[in-house]
Structure formats: structure tokens, C-alpha cells
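# Report on the structure
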Amino acid sequence: MTRVLDPARSVGGPGLAKMDTVLVDAPAGVPAPPAVADVAWLVADADTGEVLAARNPHAPLLPASTLKALTAIHLLPRLDRAAVLTATAAEADADGTRVGMVTGQTYTAAQLFEALVMSSANDAAYGLSALNGGIPATVTELNALADELGAHDTVVVDPSGLDAPGQQSSAYDLALIGRAAIANPDYVRLATTKTSTFPGRWVRGGLTRPTYAIGNHNRLLWNYPGTLGVKNGFTKAARRTFIGAARRDGRTYLVTEMYGTGSRWRPAASLLDWAFAHGDKVTPIGRLVERGEVPVPPAPPTGRDAGSDGTGDDDAGSDARLGDTAAAPTSSSDPRTPSPLPWVGGAVPVAVLLLHSLRRRRTRRQD
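Residues numbered from 1 in each chain as written. Predicted model: local features only at pLDDT ≥ 70, side-chain atom pairs only at ≥ 80, totals over all residues. Heavy atoms only, no water.

### A few points about the overall build of the protein
- When helices and strands are tallied, the protein shows 11 helices and 13 strands.
- For the protein, the exposed area adds up to about 14,200 Å²; of that, 53% sits on carbon and sulfur atoms. (Helix = DSSP H or I, 4+ residues; strand = E, 2+ residues; numbered from the N terminus. Areas by Shrake-Rupley, 256 points an atom, 1.4 Å probe, with all protein chains shown as cover.)

### Thoughts on the environment of Trp222
- Locating Trp222 in the fold gives a position in helix H8 (residues 219-223).
- For the pair Trp222 and Lys194, spaced 28 residues apart in the sequence, the C-alpha separation amounts to 7.7 Å.
- Polar side-chain contacts of Trp222 include one of 3.0 Å to the backbone oxygen of Asn216. (Polar contact = N/O pair within 3.5 Å; in protein donor to acceptor, adjacent residues only side chain to side chain.)

### What about helix H3 (residues 109-118)?
- With eight of 10 residues buried, H3 lies mostly within the body of the structure.
- For H3, the set of buried residues is Ala109, Leu112, Phe113, Glu114, Ala115, Leu116, Val117 and Met118.
- Two residues or fewer past H3, Ser120 is found with a positive phi of approximately 55°. (Buried < 20%, exposed > 50% of the residue type's maximum accessible area, 1.4 Å probe, protein only.)

### Section: the nonpolar core
- Ranked by internal contacts, the top residues of the largest apolar core, which has 73 residues, are Leu70, Phe113, Tyr187 and Phe198.
- In terms of nonpolar packing, the next biggest core, distinct from the first, is built from 21 residues, Leu220, Ala246, Tyr253 and Trp274 among them. (Core = buried A, V, L, I, M, F, W, Y, C linked by side-chain atoms within 4.5 Å.)

### Description of unusual backbone geometry
- A cis amide bond, omega 25°, links Gly229 with the succeeding residue Val230.
- Structurally, Val230 can be placed in strand E10 (residues 227-235).
- In this model, Ala64 sits at a positive phi of 50°, which is unusual for a non-glycine residue.
- Locating Ala64 in the fold gives a position in the loop between strand E5 (50-55) and helix H1 (67-75).
- Here Arg239, not a glycine, exhibits a phi torsion of approximately 60°, which is positive.

### Regarding helix H9 (residues 266-278)
- The terminal C-alpha atoms of H9, which comprises 13 residues, lie 18 Å apart, in line with the 18 Å expected from a rise of 1.5 Å per residue.
- Every buried residue belonging to H9 is among Pro267, Ala268, Ala269, Leu271, Leu272, Trp274, Ala275, Phe276 and His278, and all of these are buried.
- Buried positions along H9 lie against strand E3 (22-24), strand E4 (38-45), E5, H8, strand E11 (239-248) and strand E12 (251-260). (Expected span 1.5 Å × (residues − 1). Contact = heavy atoms within 4.5 Å.)

### So, the environment of Pro34
- Secondary-structure assignment places Pro34 in the loop between E3 and E4.
- A C-alpha to C-alpha distance of 8.3 Å links Pro34 and Pro267, two positions 233 residues apart in sequence.
- If sequence neighbours within four positions are ignored, Pro34 has contacts with Ser270, Leu271 and Trp274.

### Details of the packing of aromatic side chains
- Scanning all chains against the criterion turns up three aromatic pairs.
- Grouped by ring-pair contacts, the aromatic residues Tyr107, Phe198 and Tyr212 constitute a single cluster.
- The positively charged end of Arg239 is found above the aromatic ring belonging to Tyr259, 5.9 Å away from the centroid.
- Of note, Arg248 hangs over the ring of Tyr224, and the distance from its end group to the ring centre comes to 4.1 Å. (Phe/Tyr/Trp six-rings, centres within 6.5 Å; stacked < 30°, edge-to-face > 60°. Lys NZ or Arg CZ within 6 Å of the ring centre and 35° of its normal.)

### A word on the packing of H1 against helix H6 (residues 171-182)
- Here H1 crosses H6 at 40°, and the two axes come no closer than 9 Å. Taken as axis vectors, H1 and H6 run oblique relative to one another. Handedness of the H1/H6 crossing: left-handed. Touching Ala69, Leu70 and Ile73 of H1 are Ile177, Ala180 and Ala181, all from H6. (Axes fitted to C-alpha atoms, helices over the stretch in contact; angles between N-to-C directions. Parallel < 35°, antiparallel > 145°, perpendicular 65-115°, else oblique. Left-handed = near helix turned anticlockwise from the far one by under 90°.)

### Observations regarding the pairing of strand E9 (residues 211-215)
- Where burial is concerned, the two faces of E9 differ: the one with Tyr212 and Ile214 is buried and the one with Thr211, Ala213 and Gly215 is not.
- As paired elements, strand E8 (residues 195-199) and E9 share five bridges and run antiparallel to each other. Paired with Ser196 across the bridge in E9 is Ile214. (Pairing = 2+ DSSP bridges.)

### Remarks on the packing of H1 against helix H5 (residues 135-149)
- At a minimum axis distance of 10 Å, the contact between H1 and H5 shows a crossing angle of 95°. If you check the angle between H1 and H5, you find them roughly perpendicular. Where H1 approaches H5, its residues Leu70, Thr71, Ile73 and His74 are matched on the opposing element by Glu141, Leu142, Leu145 and Leu149.
- In terms of residue class, the contact of H1 with H5 is made up of five nonpolar, two polar and one charged. (Nonpolar A, V, L, I, M, F, W, Y, C, P; charged D, E, K, R; others polar.)

### Things to note about the pairing of E11
- Along E11, seven of the 10 residues are buried, which leaves the element largely enclosed by surrounding structure.
- Strand direction decides the pairing type here: E10 and E11, joined by eight bridges, are antiparallel. Each residue of the ladder has a partner; that of Gly229, found in E11, is Ala245.
- With antiparallel pairing between neighbouring strands as the criterion, E10 and E11 make up a hairpin whose turn holds three residues.
- Where E11 lies against E12, eight bridges are found, and the strand directions are antiparallel. Looking across to E12, one finds that Phe242 is bridged to Glu257.
- A loop of two residues connects E11 with E12, the two strands running antiparallel in sequence, and Asp249 in this loop sits at a positive phi of about 50°.

### Here's the deal with the pattern of salt bridges
- Counted by the stated rule, this structure contains eight salt bridges.
- A salt bridge links Arg78 to Glu141, with the nearest nitrogen and oxygen atoms 3.3 Å apart. Placement of Arg78 in the loop between H1 and strand E6 (84-86) and of Glu141 in helix H5 is noted, with a sequence separation of 63 residues between them.
- Given a relative accessible area of 45%, Arg78 falls into the partly exposed group.
- Here Arg179 makes a salt bridge to Glu290, at a shortest N to O gap of 3.2 Å. (Salt bridge = Lys/Arg side-chain N within 4 Å of Asp/Glu carboxyl O.)

These figures capture arrangement, not role.
Now the structure itself:
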């Protein structure tokens, strides 16, 4: 049975409230979007904001390193590219993927931005946060930016995107973040740079290398003509997450994926192929809200409706239990909490995933 969120809470339109089904309004003769092995995904026209197709667009899931796109678009206009950071152990010993910062060595913000976007470097995320006044301050600002974008499924706890209790986003919110990213020429320049260099580090024998090569982790960029970025991600708990965009023949489409189990770039490419071939023929099922349009999240349902899935079945008991778990405080610097999940009964794998992810410790591997 298809589950339905409260349409009043569905940012982007009531057509995005249905769960556990592919959402598309295509005329006869237009094929359905390709089947992809993602729990949640979305395809949108980046120019108009029209959402063309989606599955579980508002399901709250772990974003992994796609969250770095939000970190980058927030910090790019705030930090002087020539600003210099002297690395500490807090950056050099970061969990997960690192570019290779060394304690005591200096780095410019420009170098850290390249490492953040291209190499998905967690040490660079923490270094840029340090230049911005620290991780707690940056997290607070990122949550405020998410609200400004209308990304109310998003809760930021770690600016690198590493799994953290309470951290979440959605395929819809990643599309809002991706749209903001490709509207920023500085971000697009970073996200479309395939190779660069980074300051060297100490190696055996006390010798140094002045620089070493770094490459862009976004495989779509290397394989799909017209790609504009945006950001890839992976942890064992989040699985593959992705924001991608491509421009061809005057049209620009966005695709987002969460909890993907397929190949790293082919699912996004297949969805983009479908959009370029049929996007102008389908009727939009919703839209990406404009920045500043919905700064306050829709009010949660009250009374008996708080436990309803929108189909008339009352699942208040199980939903309330999951809501209590998901609403645990996220961090001392951020009072926001994840939203309840009124669609549990029809999306057991997603609900179980979220419960598991909120209880586990940080996962060390991340793209």
C-alpha cells in the first residue's frame, strides 16, 4: 500500500507526499524513468525548478558527503581564499576520507576548498570550519542556510557529512542544495575541476614533496558529457548518495540519489538520459522552492492526524515511537531535531535504516 505524508507538510507540493512508489506524470508513449537501485531519488529541471519524477523524495536519510555541497556554498562567499590555516590534530586526524593535511603545516582556504569539493576531504571540511569560527558555529550556520533554502528535512551535525546521530537530509533537500550549488560559479568551477595539486606532506626519511596530485571523486564528471558536478558521497550506513547536474542544448537537469546500491555513476546517468529525452514532455509533480520562499518548516500535524499515514489507517503507536527516537537532541550547538516519520508502515527498510543510522557511531569510510 502506498503511504502518504501529510500533504500540508510536503515542501514542493502535495504531489511529493506519496512514498514507496515512483512519482511521475507522463503521457502515453513516454517511458517511465529507469529503475535504479536507490531508496530515494529525484529528477528536476534546474532552470525552472520543476520536479519531473521522484521516489521517496522526502524520506529522511543519511546524506554522507553530499552535505559538503552545503558546507561549500555557505563558506565560499564568507572566507577569503588567501586566508591561511595552520593545521591542528583536529583536522589532520579526521575520520574517513582525508586529503592529507599535516599538523603544523599551513594551508590556504583556496586549497582547502579544492580538497573539500574535489577530494571529499573531511580534514578540509574541518579546516574550513576552523577558519569560519569553529565547527559548532559552522553547524549552526549550515542549519540556518538549510532553512533559508527550504530544506527542512535536513539536519546538520557534522559539516563533513560523516554519519552523526540526528544528521539527515532527503532527496528533495539535496536537490535544493544542488540547485544552489550550480547557481554559484565558484562552486561549479571547483566541482568541474578534474585534477589539481595539494601541498606536500612529510614522507619517510624526512623528505618532502612540494605538492601531490588530487583528483575529483565524482565519476559522473569523468564519464558524462555536460556534467556540472555536484557532489558524491558514501558511508557504510548511508551507502551511495549523490547530487548530479548536467547541461546540454540549453537545458539543465538535476538528479539526486540516497541509499544507492548500484554503480557509482551509471544510475545518475540513466536518470539524466531520461530527463534529456523526455523531461519536456512530462507534467511536473512538484517543484523546488526558491531560496527564502519557505524559511520556516510546515507545522507538524496535531491530534489524531499526528499518527496517520494519510490513507485513513491510524498508525499512531508505531509512528510515535519512531518519532521519539528520531527526535533525540542532535548537538549542543544545534537545537534542531529530525522530523517524525508518518510513513513507517509502508517503508520498513527506510525506517529501519534511519533507526539504525541514528544509533550507530560514525562510520570511518567516506567518499
